[in-house]
Amino acid sequence: MLSRRQTLRYLGIAAGGMLFNVPLIGRGQQSTFETALNIPDMASGSVVEEARQFDLTLQSGRTELLPGQFASTYGINGSYLGPTLRLNRYELSRFSVTNNLAEDSSLHWHGFHLPPTEDGGPHQPIAPGTTWNARFQVVQYGGTYWYHSHVMHKSGEQVYKGLAGMIIVDDEEHPQDLPSTYGVDDIPLILQDRRFDDEGELRYLNRYQDIVMGMMGDTILVNGTFQPQFRPSTRLVRFRILNAANARTFNLALNDGRPFQQIAGDGGLLSSPVTMNSLQLAPAERAEIVVAFNPGDSTELVSLGRDIPASAPPGAMNEMLRIINSERFRLLSLNAESRLADSGTVPDSLVAIYRIPEAAATNTRRFNLMMGSGMRSGEDRGPGDGPRNGTGGGSGGGNYFINGRQMAIDYINERVTLNTTEIWELRNRSPMMHPFHIHNGQFQLLDRNGTPPPDNEMGWKDTVRVDSGEVVRLIMRFTDYTDENNPYMYHCHILEHEDRGMMGQFVLVNS
Ligand code: C2O
Ligand code: CU
Ligand code: CU
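Draft legend 1. Structural context of the overall build of the chain. What the chain contains, in helices and strands, is five helices and 33 strands. In the chain, which comprises 511 residues, the share counted as buried stands at 60%. Expressed as a percentage of contacts within the chain between residues at least 6 apart in sequence, the contacts between residues at least 24 apart total 77%. On the chain, roughly 19400 Å² of surface is accessible, and the fraction owed to carbon and sulfur atoms is 48%.

Structure below.
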């Protein structure tokens, strides 16, 4: 905790340091949260010829994000965000995605094991006025996933404008008792931070530090709702939380300190519920939590400010990094009805999770995450023999590297052999955290700096926080869908980092 004097000193730095105009208390943080939380429509598609078919249209529009003010936004089948897509495990799903925007876009199914041509990444751009058709069999476990724009160099801007939505996969092995009535006791929470101008229009990358730190806003939207309130009508409520922010990590807690149970992570249920008081969720990570209410209860979902380290090395960059995620935000006011229905229970044991044995791995790949600020070390060429395309950047140059290399659309960084198990060792050699994401499925964490991960990270994951200086080892099996020509991506999910080079490509090959 900071003393009042430290806080004042810190505020002085922030105000006087020129780099920061971000108010510590975001817009509206003082007022009451009274607007009913928007619940995105649920789309179950329609079954046509043995496949579940979804028709999705990328469109632009005007959305009243702040009360009485309209912003130019993007959305899917609407003006901001998209419907919650409901898929069934083992079913074939088909998506027709029509781009009615005035620029190229794409739609990526985050967290899914699928052929690379169906992935919706930078190699599947959808030109304005055209339709892209994707199809894949859903093999993911029941859980919370998402979809979002992934067009080269512009994912950040397009997601910021609203091109994202939640996906829920249903799975018959799912414990029946868990709260699961969408919009009643099973509530999607899409967390985003945004910055607005005086007219209520979204601002993007209008400050120097946005490119370095990633785009962070001072105003929180949940499912696109400003200052939202949800009124539980059941004793147990399950929240499916998606961090859809471009760059901000949320440190979730209930402001009265009540514990909650985390039941799922990125790739489905944990083996058993984990009781938590706070939960860090980096961009693209998901968590399902269950919160218990008494009749008439009031509490609030908040993001706790991270403690500011007492000292940091000098320099503007370090000052910026020092305060990342130090702001506290109110996210959602929760006011239970005076009578609550009983709805479900949380079983002590949820699902059996097969742990991939470390000994199954036949190869270890190392990935160094680096930022091009100040001096750039030149010793690391990374794997492959292609040209180095990184040029460094100087302080705040806004260039990001994996193994000394920036994403190049026609350069394959890694070749992975079919039906092998690999360890990927992620080493963060930069001064800030990077959430590392791998396409084409789910992995498991082996350790963080040699220590086994906490219980709530023992499930399947597709995105993992790698803190500054940390070494994270994960293990992943690579099956199906070999394709010499069409790669999958791996990247930092701070979208401004991804858009500026912190991404690489791998192909899955027969040998
Ligand atoms: Cu959420 Cu490469 O994406
Ligand atoms: Cu992805
Ligand atoms: Cu990053």
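Having seen the structure, we can now continue with the description.
Draft legend 2. The arrangement of the nonpolar core in detail. Membership of the largest hydrophobic core comes to 59 residues, with the highest contact counts inside it found for F95, W109, F112, W424 and F436. Looking at this core element by element, the count peaks at four residues for strand β31 (residues 471–478). Setting aside chain neighbours within four positions, we find F112 in contact with L87, F136, V138, Q140, Y145, I167, V169, N440 and G441. Ranked by size, the runner-up nonpolar core spans 31 residues in total, among them I220, L301, L334 and A336.

Draft legend 3. Spatial organisation of the coordination of the copper ion (ligand 2). Summarising the metal site, the copper ion (ligand 2) is bound by the protein donors H108 (NE2) and H437 (NE2), whose distances to it range over 1.9 to 2.0 Å. Pair noted here: H108 is in strand β8 (residues 108–110) and H437 is in strand β28 (residues 434–438), with a separation of 329 residues, a long-range link. Both residues of the pair, H108 and H437, count as buried.

Draft legend 4. Highlighting the sheet that holds strand β29 (residues 444–448). Ordered in space as β25-β24-β27-β31-β29, the five strands form an open sheet in which the pairing is mixed. At either end of the open sheet lies a strand with only one pairing partner, and these are β25 (400–402) and β29. Here the strands of the sheet are splayed against their neighbours by 20° on average, with no regard to which way each runs. Sheet topology note: the strand β27 (residues 420–428)/β31 ladder contains eight bridges and is antiparallel. Each bridged residue has a counterpart across the sheet, and for T421 the counterpart in β31 is R477.

Draft legend 5. How the structure looks around the coordination of the copper ion (ligand 3). Distances from the copper ion (ligand 3) to its protein donors, H434 (ND1), C492 (SG) and H497 (ND1), fall within 2.0 to 2.1 Å. Of note, the donors binding the copper ion (ligand 3) are all from one chain and are spaced H-x57-C-x4-H. Here H434, found in strand β28, pairs with C492, found in strand β32 (residues 488–492); they are 58 residues apart in sequence, far enough to count as distant. Both residues of the pair, H434 and C492, count as buried.

Draft legend 6. Highlighting the sheet that holds strand β16 (residues 236–243). Ordered in space as β14-β13-β12-β16-β21-β18-β19, the seven strands form an open sheet in which the pairing is mixed. Both outer strands of the open sheet, β14 (225–226) and β19 (268–276), are each paired with one neighbouring strand and no more. Judged from the five bridges that link them, strand β18 (residues 260–265) and β19 form a sheet pairing that is antiparallel. In the strand pairing of β19, A264 is matched with L269.

Draft legend 7. Local environment of the pairing of β16. Taking burial as the measure, the eight residues of β16 include eight buried ones, the bulk of the element. Along β16, one buried face is formed by L236, R238, R240 and L242 and the opposite face, lined by V237, F239, I241 and N243, is buried too. Where strand β12 (residues 186–194) meets β16, six bridges bridge the pair, whose relative direction is parallel. Directly across from P188, in β16, lies its bridge partner R240.

Draft legend 8. Seen up close, the packing of aromatic side chains. The tally for this structure, following the rule as stated, stands at 21 aromatic pairs. On the basis of an interplanar angle of 35° and a centroid distance of 6.2 Å, the ring pair of W109 and Y147 is categorised as tilted. Taken together, the residues W109 in strand β8 and Y147 in strand β10 (residues 143–148) connect sequence positions 38 residues apart. The pair W109 / Y147 is uniform in exposure class, with both members buried. Joined through ring pairs, the aromatic side chains of F54, F95, W109, F112, W132, F136, Y145 and Y147 make up one cluster.

Draft legend 9. Quick look at the pairing of β31. In terms of burial, β31 is a largely internal element, seven of the eight residues being buried. One ladder, built from four bridges, connects β29 with β31; its direction is antiparallel. Note that in β31 the partner of L445 across the bridge is L474.

Rules and cut-offs
- Residues numbered from 1 in each chain as written.
- Chains lettered and ligands numbered in written order.
- Predicted model: local features only at pLDDT ≥ 70, side-chain atom pairs only at ≥ 80, totals over all residues.
- Heavy atoms only, no water.
- Helix = DSSP H or I, 4+ residues; strand = E, 2+ residues; numbered from the N terminus.
- Buried < 20%, exposed > 50% of the residue type's maximum accessible area, 1.4 Å probe, protein only.
- Contact = heavy atoms within 4.5 Å.
- Areas by Shrake-Rupley, 256 points an atom, 1.4 Å probe, with all protein chains shown as cover.
- Core = buried A, V, L, I, M, F, W, Y, C linked by side-chain atoms within 4.5 Å.
- Donors = N, O, S within 2.8 Å, 3.2 Å for Na, K, Ca; no water.
- Pairing = 2+ DSSP bridges.
- Axes fitted to C-alpha atoms, helices over the stretch in contact; angles between N-to-C directions.
- Phe/Tyr/Trp six-rings, centres within 6.5 Å; stacked < 30°, edge-to-face > 60°.

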